[in-house]
Amino acid sequence: MAIGMPACAVPAVGVASRTGTDGTNADAAHAFHASTGAVGAAVIDGIGHSDQLHALVPVLAVTAARTAAIRWPLAGLLTAGLLTCDPGYDDARPSAVAVVARVQAGEPTTLAWAGDARAYGWDPQLQLQLQLQLLTRYTTDHTVAAYLAAYGIEEDIAGEFSSQIRVHLTDVTPATAHQALIPCGHLVVLTSDGVHDQIEPEDLDAIIRTHQHDAQRLADNLVAAAEPNESGYRDDATALVIIPAQTTPSG
């Protein structure tokens, strides 16, 4: 490598997933480190539970992550969506929601998503200076509940529709997918709803504050903290954490 050229800085990645009370895990997550130093990452949350879905979801995660690292997250999302478009000879019709990210040192993190999987960002430098709650959500849920809330429907009424997905992988298009940027250098957290719907926001913030320097420990603790609801149900919970690396000159 020539003197003064940037070294290939590789982000730290942590992945964790825990099966819910249904007994089978329909979530999957994957991160792919490209030769360019970019990391493509995806969290997939299957809709329902079936043998076909459980076999497909890990494939969707790998497909979305690898494509995102090379061709950006929207391409990863759409490519994964293609794998769900045909219902199959047995008409199983498996589908899922997804959030896909691409992280590379020195660049903003790019996101694409469909459904209610989420991406959060955390600014470690500002947090150290101000000691504030600085966890920021960069995605909006594609649910009927979020749609109603955006039009002023009361939260207790809109919340009844939180499980109704408006955009999922089977019908995602460039027009229906959403994209966003997380600022350069921010820690990135991708979650299925089994994490963010079952952890209070202040607890989510506290866990990230405590474990922000250890990607795997943070992912493990996010998944472990997901609590059952009032009826004792706990969803599958999956978290993928990326701590961006800084590009440094090579001697």
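What you see is a predicted model; the values in this text were computed from it and never measured. (Residues numbered from 1 in each chain as written. Predicted model: local features only at pLDDT ≥ 70, side-chain atom pairs only at ≥ 80, totals over all residues. Heavy atoms only, no water.)

What exactly am I supposed to notice about the overall build of the protein chain here?
Along the backbone of the protein chain there are seven helices and ten strands. The buried share among the 251 residues of the protein chain stands at 47%. Put simply, of all contacts in the protein chain between residues at least 6 apart along the chain, 70% involve residues at least 24 apart. Taken as a whole, the protein chain presents about 11,900 Å² of accessible surface, with 54% of it coming from carbon and sulfur. (Helix = DSSP H or I, 4+ residues; strand = E, 2+ residues; numbered from the N terminus. Buried < 20%, exposed > 50% of the residue type's maximum accessible area, 1.4 Å probe, protein only. Contact = heavy atoms within 4.5 Å. Areas by Shrake-Rupley, 256 points an atom, 1.4 Å probe, with all protein chains shown as cover.)

I'm lost on the sheet that holds strand β9 (residues 187–191) in this one. Help?
Strand pairing in a sheet relies on backbone hydrogen bonds. The paired strands run either parallel or antiparallel. The five strands are arranged β1-β10-β9-β6-β7 in an open sheet whose pairing can be described as antiparallel. At either end of the open sheet lies a strand with only one pairing partner, and these are β1 (12–18) and β7 (135–137). Each strand of the sheet is rotated relative to its neighbour by a mean of 20°, with strand direction disregarded. Taken strand by strand, helix α6 (residues 201–211) contacts β6 (118–122), β7 and β9, and its axis lies near 50° from that of β6. Packing against the sheet, helix α7 (residues 215–224) makes contact with β1, β9 and β10 (237–243), and its axis sits at approximately 20° to β1. (Pairing = 2+ DSSP bridges. Axes fitted to C-alpha atoms, helices over the stretch in contact; angles between N-to-C directions.)

Sorry, what's going on with the environment of Gly-121 here?
Its place among the elements puts Gly-121 in strand β6. Sequence-distant contacts of Gly-121, that is, excluding residues within four places in its chain, are made with Leu-134, Leu-135, Thr-136, Tyr-138, Ile-182 and Leu-187.

Just to check I follow, could you spell out the pairing of strand β5 (residues 109–114) for this structure?
Along any regular strand, the residues point their side chains to alternate faces of the sheet. β5 sits mainly inside the fold: six of its six residues count as buried. With burial as the criterion, each face of β5 is covered, one bearing Thr-109, Leu-111 and Trp-113 and the other bearing Thr-110, Ala-112 and Ala-114. For strand β4 (residues 96–103) and β5, the ladder comprises five bridges, and the chain directions are antiparallel. Bridge assignment links Ala-98 to a residue of β5, and that residue is Ala-114. Adjacent in sequence and paired antiparallel, β4 and β5 are bridged by five residues, among which Gly-106 carries a positive phi angle near 85°. Sheet topology note: the β5/strand β8 (residues 178–182) ladder contains five bridges and is antiparallel. Note on β8: the bridge partner recorded for Thr-109 is Ile-182.

None of this, on its own, says anything about what the molecule does.
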